[in-house]
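Residue-level structural notes
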Amino acid sequence: MLISLFRNRDMASVNLLFFVLMLSSVRVGRSAESLFKLKCQPAVGVIGQTTHISCSIEFLTKSKHVIINTVALTRSGEKNSCFAFQPFENVRIGDSRFEVENEPSLQLHNTKTSDEGEYRYFIRTNLGQDQVQFTMNVTAKYSSPIITSVQKEIVNDGHADLYCSASGGYPAGTIHWFDQSNTNWTKSATLQSTQGNDGLFTLSSKLSFQKIDSLWAPFRCVVLNNRYEEEGGATSTLEIKDDPGNSPSASSTVNNSIAGVVVIGSLIVGLLIVLLFKRRRNQRE
Ligand SMILES: *[C@@H]1O[C@H](CO)[C@@H](O)[C@H](O)[C@H]1NC(C)=O
Ligand SMILES: *[C@@H]1O[C@H](CO)[C@@H](O)[C@H](O)[C@H]1NC(C)=O
């Protein structure tokens, strides 16, 4: 009994698939007797979440009652539907992540980067049939960026390479760099963008200095999405040390000048004493 039920179900699916294939091979223009227009808004989804494909029926006559027999969603350039549903037979084929949300609107669960693209949506009703094209775009937010450096210790006036990385975003974004006084260093940086098997991007920007100045720190990197909207930022906590070879010489010059003052001072005092003695001797004589 159960097996035969399944068999009937399979047969129905095959029939539906065949029906949908026939429909897509026949040019379904909006015939003169079409009593409604199918409309869909561009869909925007977030990876891992449910995307709403918002569609509506616009009636061209006074008739306001429509019964949908079949819905079929097909990716542009493909023959087979990625999703089709017949409500009365309760038969569905294709990707199980699709669902009729609120006729004729659809929803797609667990959205993936590969779902992005152009779609053709067809419906057949008691008032005739229509189809419409729409695009689906997907996005994913980048993780908070992290700033690192290759050098264990960054020395003032020394060479430094700073890296700023963020991952798990879609579509490809960019990274900008600023210093403490908000000077834009982005032109001195190189951006590397790599796409994983899941379609998500990892961004890594390298900012190189021949001679870094501790007065520029801290540095800030900002992650921007493909619409140039800021998605996150990080501030460097790297310490830029004074060159240990420089500091003793600096303090010794200070010591030298103090010594100089002392030497010259005592010479002047000595000279004054000598002059004073000479004067007294002259006075006595
Ligand atoms: C939206 O998706 C279309 C179709 O794949 C694509 O051509 C377009 O670049 C996408 N738009 C954005 C802003 O990502
Ligand atoms: C920083 O420089 C980059 C690259 O020249 C530029 O695209 C960006 O708009 C600048 N950002 C600001 C805030 O000026």
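Residues numbered from 1 in each chain as written. Chains lettered and ligands numbered in written order. Predicted model: local features only at pLDDT ≥ 70, side-chain atom pairs only at ≥ 80, totals over all residues. Heavy atoms only, no water.

**Topic: the sheet that holds strand β19 (residues 230-235)**
- Taken together, three strands build an open sheet; the order of strands is β15-β18-β19 and the sheet is antiparallel. The open sheet has two edge strands with one neighbour each: β15 (174-178) and β19. Neighbour to neighbour, the strand axes of the sheet diverge by 20° on average, direction disregarded.
- For strand β18 (residues 220-224) and β19, the ladder comprises five bridges, and the chain directions are antiparallel. (Pairing = 2+ DSSP bridges. Helix = DSSP H or I, 4+ residues; strand = E, 2+ residues; numbered from the N terminus. Axes fitted to C-alpha atoms, helices over the stretch in contact; angles between N-to-C directions.)

**A few points about unusual backbone geometry**
- In this chain, E103 is followed by P104 through a cis amide linkage whose omega measures 0°.
- Residue placement: P104 occurs in the loop between β8 (98-102) and β9 (105-108).
- A217 connects to P218 through a cis peptide bond whose omega is 0°.
- Take P218: it is sitting in the loop between β17 (201-209) and β18.
- Positive phi outside glycine occurs at N90, with the angle close to 50°.
- By secondary structure assignment, the location of N90 is in the loop between β6 (83-86) and β7 (91-94).
- The phi dihedral of N182 is positive, around 70°, even though this residue is not glycine.
- With respect to the helices and strands, N182 occurs in the loop between β15 and β16 (189-195).
- Accessibility expressed as a relative area gives 51% for N182, which makes it exposed. (Buried < 20%, exposed > 50% of the residue type's maximum accessible area, 1.4 Å probe, protein only.)

**Observations regarding the site of ligand 2**
- Residues in close proximity to ligand 2 include H176, F178, N184, T186 and K187, which together make up its full environment.
- N184 has a polar side-chain atom sitting 2.4 Å from an oxygen atom of ligand 2.
- Relative to its free-state accessible area of 360 Å², ligand 2 is covered by the protein chains to the extent of 44%. (Near = heavy atom within 4 Å. Polar contact = N/O pair within 3.5 Å; in protein donor to acceptor, adjacent residues only side chain to side chain. Areas by Shrake-Rupley, 256 points an atom, 1.4 Å probe, with all protein chains shown as cover.)

**Re the site of ligand 1**
- Taken together, E116, G117, M136, N137, P171 and N226 make up the full set of residues adjacent to ligand 1.
- One nitrogen or oxygen atom from the side chain of N137 is found 2.4 Å from an oxygen atom belonging to ligand 1.
- Across the complex, the protein chains shield 46% of the 360 Å² of accessible surface that ligand 1 would expose by itself.
- Tallied by class, the residues present in the shell around ligand 1 amount to two nonpolar, three polar and one charged. (Nonpolar A, V, L, I, M, F, W, Y, C, P; charged D, E, K, R; others polar.)

Interpretation in functional terms is not warranted from these geometric data alone.
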